[in-house]
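Examining the three-dimensional arrangement
Given next are the chains, with one letter for each unit.
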Amino acid sequence: MALKAGLVGLPNVGKSTLFNALTKSKAPAENYPFCTVDPHVAIANVPDDRLNKLAKIFGSKKLIPATAQFVDIAGLVKGAAEGEGLGNQFLGHIMEVDLILHILRCFESGDITHVHNKVDPIDDFETICAELMLKDLDSVVKREEKLTTTLAKGKSRGLSANEIKTLEGEQNLIKKAKEALEEGSIEKIKKIIDDGKKEDVTTIPILSSKNFLIIANLSDLEFSDEKYKNNSHFQSLVEKFGEDRVIPASAKIEEELSQLPDDEAKEMISELGINEPSLDKIIRKSYENLGLITFFTCGPKEAHAWSLVKGINIRKAAGEIHSDLERGFICAEVYNCKDIFELGSEQELKNKGKFRTEGKDYIVQNGDIINVRFNI
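The text that follows walks through the structure, step by step, so that each part is easy to find. Each residue is numbered by its place in its chain's sequence as written, counting from 1. Where local features are concerned, this predicted model is filtered to residues with pLDDT of at least 70; where side-chain atom pairs are given and counted, the filter is 80 or more; whole-chain, interface and lining totals use all residues. The side-chain figures draw on all heavy atoms in the structure; neither hydrogens nor water molecules are used.

1. Examining the packing of helix 5 (residues 161–183) against helix 6 (residues 186–198)
Applied cut-off: Only the stretch in contact is used when a helix axis is fitted, and all axes are lines through C-alpha atoms; the angle between N-to-C directions ranges over 0 to 180 degrees. Helix and strand labels come from DSSP, where a helix needs a run of H or I of at least four residues and a strand needs a run of E of at least two; each type is numbered from the N terminus. For this classification, under 35 degrees means roughly parallel, over 145 means roughly antiparallel, 65 to 115 means roughly perpendicular, and everything else is oblique. With the far helix as reference, a near helix turned anticlockwise by less than a right angle produces a left-handed crossing, and one turned clockwise produces a right-handed crossing. Pairs of residues are marked as contacts when any of their non-hydrogen atoms sit within 4.5 Å.
Following both chains from N to C, one finds helix 5 and helix 6 inclined at 165°, their axes separated by 8 Å at the closest point. On the basis of the axis angle, helix 5 is roughly antiparallel to helix 6. Helix 6 is crossed by helix 5, and the crossing has left-handed handedness. Packed against helix 5, whose contacting residues are Leu173, Lys176, Ala177, Ala180, Leu181 and Glu183, the element helix 6 presents Lys188, Ile189, Ile192 and Gly196 at the interface.

2. Examining the nonpolar core
Which entries qualify depends on this criterion: For this analysis, a nonpolar core means a set of buried residues of the types Ala, Val, Leu, Ile, Met, Phe, Trp, Tyr and Cys, connected via side-chain atoms within 4.5 Å. Burial classes: relative accessible area under 20% of the type maximum marks a residue as buried, over 50% as exposed, and values in between as partly exposed (1.4 Å probe, protein chains only).
Of all hydrophobic cores here, the largest spans 90 residues; its most connected members are Phe70, Ile94, Leu101, Ile214, Leu237, Phe241 and Ile282. A per-element tally of this core places helix 4 (residues 121–156) first, with 9 residues. Counting 15 residues, the second-largest nonpolar core is a separate cluster that includes Phe295, Ala317, Val334 and Ile370.

3. A word on the pattern of salt bridges
To be explicit about the condition: By definition here, a salt bridge exists when the distance from a side-chain nitrogen of Lys or Arg to a carboxyl oxygen of Asp or Glu is within 4 Å.
Under the definition given, this model contains 14 salt bridges. Note that Lys178 is salt-bridged to Glu144, the shortest N-O span being 3.1 Å. With Lys178 in helix 5 and Glu144 in helix 4, this pair connects stretches of sequence that are 34 residues apart. Judged by its relative accessible area of 22%, Lys178 falls in the partly exposed class.

4. Quick word on the environment of Ile247
Secondary-structure assignment places Ile247 in strand 7 (residues 246–249). Take Ile247: its relative accessible area is 0%, and that puts it in the buried class. Residues Ile247 and Asn217, 30 residues apart in the sequence, show an inter-C-alpha distance of 8.7 Å.

5. A closer look at the environment of Asp98
Of note, Asp98 is situated in the loop between helix 3 (87–95) and strand 5 (99–105). Separated by 95 residues in sequence, Asp98 and Leu3 have C-alpha atoms that sit 6.2 Å apart.

6. Description of unusual backbone geometry
The phi dihedral of Asn12 is positive, around 65°, even though this residue is not glycine. Relative to the elements of secondary structure, Asn12 occurs in the loop between strand 1 (4–8) and helix 1 (15–23). Asn12 gets classed as buried once you look at its relative accessible area, which sits at 14%. The backbone phi angle of Asp200 is positive, close to 60°, even though this residue is not glycine. The exposure class assigned to Asp200 is exposed, which follows from its relative accessible area of 71%.

7. Some words on the sheet that holds strand 2 (residues 40–45)
To be explicit about the condition: Strand pairing is assigned whenever DSSP identifies at least 2 bridges connecting the two strands.
Read from one edge of the open sheet, 6 strands run 2-4-1-5-6-7, paired in mixed fashion. Unpaired on one side and paired on the other, strand 2 and strand 7 mark the two borders of the sheet. Each neighbouring strand pair of the sheet contributes to a mean axis angle of 30°, computed without reference to strand direction. Contacting strand 1, strand 5 and strand 6 (211–217), helix 4 crosses the sheet at an angle of about 140° to strand 5. In the packing of helix 11 (residues 278–289) onto the sheet, the strands contacted are strand 1, strand 2, strand 4 (67–72), strand 5, strand 6 and strand 7, and the crossing angle to strand 7 comes to about 155°.

8. With respect to helix 2 (residues 49–58)
Let me state the cut-off plainly: Here, the arc refers to the directions that run from the helix axis to the C-beta atoms.
By the burial criterion, the buried members of helix 2 are Leu51, Leu54, Ala55 and Phe58. Viewed end-on, helix 2 has its buried residues packed into an arc of 105°, placing them on one side of the element. Exposed side of helix 2, more than 90 degrees from the buried face: Asp49 and Lys56 are the residues found there. Remark: Gly59 follows helix 2 within two positions and exhibits a positive phi of approximately 65°.

9. Notes on helix 12 (residues 314–321)
Quick reminder of the rule: Pairs of N or O atoms within 3.5 Å make up the polar contacts considered here, provided that, within protein, one atom can donate a hydrogen while the other can accept it, and that residues adjacent in sequence are counted only when both atoms are side-chain atoms.
Three or more residues of helix 12 are buried, namely Ile314, Ala317 and Ala318. Looking straight down helix 12, one finds its buried side chains confined to an arc of 105°; they lie on one side. Looking at the packing, one finds that the buried side of helix 12 touches strand 8 (292–298), strand 9 (302–309), helix 13 (323–327), strand 10 (329–336) and strand 12 (368–374). A side-chain oxygen of the first residue of helix 12 lies 3.1 Å from the backbone nitrogen of Arg315; this N-cap is Asn313.

10. A word on the packing of aromatic side chains
The following threshold applies: Paired rings are identified among Phe, Tyr and Trp, the last through its six-membered ring, by centres lying within 6.5 Å, and are further divided according to the angle between planes into stacked (under 30 degrees), edge-to-face (over 60) and tilted (the rest).
For the structure on display, the rule yields 7 aromatic pairs. Measuring from centroid to centroid gives 4.8 Å for Phe125 and Phe241, while their planes differ by 70°, and the two rings are edge-to-face. Taken as a pair, Phe125 in helix 4 and Phe241 in helix 8 (residues 232–241) lie far apart in primary sequence, 116 residues in all. Grouping residues by exposure puts Phe125 and Phe241 together as buried.

11. Structural notes on the side chain of Ser60
Along the polypeptide, Ser60 turns up in the loop between helix 2 and strand 3 (62–64). The buried category is assigned to Ser60, whose relative accessible area is 12%. Leaving out residues up to four positions away in the same chain, Ser60 has contacts with Leu54, Ala55, Gly299, Pro300, Lys301, Glu302 and Ala303.

Here is the structure:
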């Protein structure tokens, strides 16, 4: 899928260092602002133990995991909405992502400068959100003016009742969005846009309405054995956003781990008392927040995990594998991986009635294994 998560943060919070680890790539990571001017896009494998289990069952020679896309967006500063620090470019790059990952610095260091000369992750978050909302407010005001003009001309030029209703619905949405932006309420603007979508009312992209996760970047010394739980900055983030939305991480440790062979990385993780690498959690939570699920195709040649937006029917899912499968779709043999883990073979699935044939309207479930029957 083409869905993307974007890493966003003020300069020198560890964003590009974390991106390097996340993708095992080499985006610049220097101790000065704006070293990453153009967004770097990379693909990361989604950790999924189910794929290894399926490969063993099917004797698959090759494993192909599902992937998620990540974009490293250069550091924002106060005044970005007016173009400070190449802000207009950066805000435009945020427009293109589906999920925002706020990288917030939670460690003190005399060696790494902070753009505000103090470490305050809540203030950093609010700075970024203020810039997003200022940009949104400018866009909303322009859209409101255009809608007013379009409606006035349209009514005199014979627009249909449905067309007028659509424009008036958007006008009402824009009015509410403008009020929320003027209040500076991220929660309110997101609810207004989400409610509008439920009623099939859409408008221009609103940056501050995008879903987001918080990544608390901690020092390597505090990260081992969960010492970070006593970090006051981390505690303030959990209090404000809740445990589900805040992911503890040490960009320094994760970058070191990403450069080690697997066996050495596992040894280091064990020595540091880390239950789950932060990168695995970041990738997994980003994947989930992008509204993605995984389905599988399996056989002796390969076990393949495929990304799919939740709620998609099996015919369109077949198109993710190959366009011919969607075009010539007849039916698909379907069962869920949890059933084959329990029963051990396709024959046992058939014996127990867990092996099904589904038509084009079947909605694919997370963990489904499918075999498409088609004819071109």
